[in-house]
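Reading the structure
Take a look at the letters that make up each chain.
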Amino acid sequence: MSITELIGEATEYDKKKALEVKKPKSWCKSVSAFANGIGGALIFGISNEDEVVGLIDAEHDAETISEQIKERLNPIPNFNLRFHKTEDGKKLIILDVYAGDQTPYYYEADGSLMAYYRLGNQSVPATPAKLKELVLKGSVASYDSLKSKYSFDNMAFTKLKSTYKMRTGIQFEDSDYESFGIIDEEKNLTNAGALLADESPIRYSRLFCTRWNGLDKAPGIVDAIDDKEYSGGLINLLQDGTDFVINNSKKAWKKTTDGRIEMPDYPERAVLEGLVNALIHRNYLEVGSEVHIDMFDNRIEIYSPGGMYDGTKVQERDLMQIPSRRRNPIIADIFNRLKYMDRRGSGFKKILGDYKIQPQYHESMQPKFNSDNDSFLLVLKNLNYDKSKETKSGDKKAAIKGGDKKAAIKSGDKKVTKKTQQQYDFILEFMNYGKEYGIQDFCDLLKLKKSRTKVILKGLIDENKIEIFGANKDRKYKLR
């Protein structure tokens, strides 16, 4: 018997050895997380070690599960209970919880409400940003459609107007401000408008670009060759980001009988599509985290805050069959009007297609897409990179895999236990590039005291995976 046979099409699941009647939070938090995400299943009667123990009174447990969900979850999610009997007569309960459209789904106890979401294979309390996103989703609203706190009269949109004219041949009219969604019906500036203004007042709408010296971010004689921080409207960020990549990459060419073939390090349209995707679909509720372009000798990594809008993981999807679901529909519509993208959600296809038509392309150079609950990472391979020129130093640099911030933890001189390694991985999965964290964030995450948490964080600092700055109570941590 396999887990897949029990849970069917569900990709998220939890196992419970028995129903803890006196500790409903131990499993109800997973119900909340599944309903707030893409759905999932709880299997009662199987231990964490996959030992099938069965339930003594499955029918009574099923009634208790149903009662507890109706009593503890607010609102009540859509769920289904079913039984499974093993060949040796043991009974299991499978609780299917379906993705809800009335988010957030809270666990209610002692007069307090707590919403949960999935982080890795655990159900954890929703962060403030995640909770805001769930509230917007449940109210069928989007961040970019909301009224901003800024005045339309204080904003200029010369870049939007000139780009619209240049790319479409059509003059931007005053009436277009409302039809584009830059202002609402009451003439209030929307968040979309604030993000598109020439001097965007939204501080965390920035773009960090770095051309690193080598194959990773590990310190050397020269850490970075070029480093830029851009701010302003989204159109400015898009153009500045593409210019940075062009200025820090090369274009080889070879003669043919009737001319020459150009061979760029990175296909221009693939870079454009990747950056458009990062700017349009990022989660702007994630304050303190920005879009990053990190260029290395052999690849570009484009990172943006916020995973897939539907909660799925892009690496588990068929890239040619992903439908268009937009976290920021107004911004997406404006970029469509500017002819930077289309409404059919074909960005992934264009990136893959643009690579395949390059003369240097082979399958090992296929772009990589990776996402989790809070981040999205696109890795574009350098088509002209000569792997034979890599320096095999034998140190931890050689163990670092492109796009994998958890790689090479074990490659240092100091060995760690399996449990500590798992804690390292959990911290790195939790953290987002560009975002700062306090010691209490990790204490809450690991459910450990500060003294032990500091020891674990020091291990990551020693391995150059995270960095620390500030002193005493103001001390913060972030990914390197």
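Below, the structure is looked at part by part. Everything numeric here is computed off the predicted structure, so don't read it as measured data.

This next bit is on the pairing of strand β16 (residues 375-381). Both faces of the sheet carry side chains from a regular strand, because those side chains alternate between them. Taken across its seven residues, β16 has six buried, putting it largely inside the fold. Here strand β14 (residues 299-305) pairs with β16 via seven bridges, running antiparallel. Residue pairing for β16: isoleucine 300 is matched across the bridge by leucine 380. In this sheet, β16 lies alongside strand β15 (residues 368-371) in antiparallel orientation, the contact comprising four bridges. Residue asparagine 370 lies in a different strand from β16, and its bridge partner there is leucine 377. The turn joining β15 and β16, which pair antiparallel and follow one another in sequence, is formed by three residues.

Next up on the list: the side chain of aspartate 372. Topologically, aspartate 372 is positioned in the loop between β15 and β16. Judged by relative accessible area, which is 16%, aspartate 372 ranks as buried. A polar side-chain atom of aspartate 372 sits 2.9 Å from the main-chain amide nitrogen of aspartate 374. A distance of 2.8 Å separates a polar atom in the side chain of aspartate 372 from a polar atom in the side chain of serine 375. Setting aside its immediate chain neighbours within four residues, aspartate 372 contacts Gly307, Met308 and Glu429.

Another point: empty space enclosed by the protein. Here the structure, examined in full by the defined rule, presents four cavities of 30 Å³ or more. Empty space within the second largest cavity amounts to approximately 270 Å³. In terms of lining, the second largest cavity is formed by 24 residues, of which the most central are Asn36, Gly37, Lys130, Gly311 and Asn373. Counting only elements with at least two residues in the lining of the second largest cavity, the list comes to α2 (25-36), β7 (112-119) and α4 (128-138). Considering each element in turn, the lining of the second largest cavity owes the most residues, four residues, to α4. Across the lining of the second largest cavity, the residue classes break down as seven nonpolar, nine polar and eight charged.

Here we come to helix α14 (residues 450-462). Over its 13 residues, α14 runs 18 Å from end to end, which matches the ideal 18 Å to within 8%, given 1.5 Å per residue. Among the structural elements, α12 (418-430), α13 (439-446), β17 (466-469) and β18 (476-479) are those in contact with the buried residues of α14. Backbone geometry just after α14 places asparagine 464 at a positive phi near 60°.

Ordered by their spatial adjacency, four strands build an open sheet running β3-β6-β7-β8, and the pairing between neighbours is antiparallel. If you trace the sheet from one side to the other, it starts and ends with β3 (73-74) and β8 (122-125), each paired once. Both β7 and β8 contribute to a ladder of four bridges, which runs antiparallel. The residue bridging tyrosine 116 from the neighbouring strand is proline 125, located in β8.

Procedures and definitions
- Residues numbered from 1 in each chain as written.
- Predicted model: local features only at pLDDT ≥ 70, side-chain atom pairs only at ≥ 80, totals over all residues.
- Heavy atoms only, no water.
- Buried < 20%, exposed > 50% of the residue type's maximum accessible area, 1.4 Å probe, protein only.
- Helix = DSSP H or I, 4+ residues; strand = E, 2+ residues; numbered from the N terminus.
- Pairing = 2+ DSSP bridges.
- Polar contact = N/O pair within 3.5 Å; in protein donor to acceptor, adjacent residues only side chain to side chain.
- Contact = heavy atoms within 4.5 Å.
- 1 Å grid on protein atoms, 1.4 Å probe; cavity = no way out; pocket = protein on both sides within 12 Å on 5 of 7 lines; lining within 4 Å.
- Points joined across faces, edges and corners; volume = space filled by probe spheres on them.
- Nonpolar A, V, L, I, M, F, W, Y, C, P; charged D, E, K, R; others polar.
- Expected span 1.5 Å × (residues − 1).

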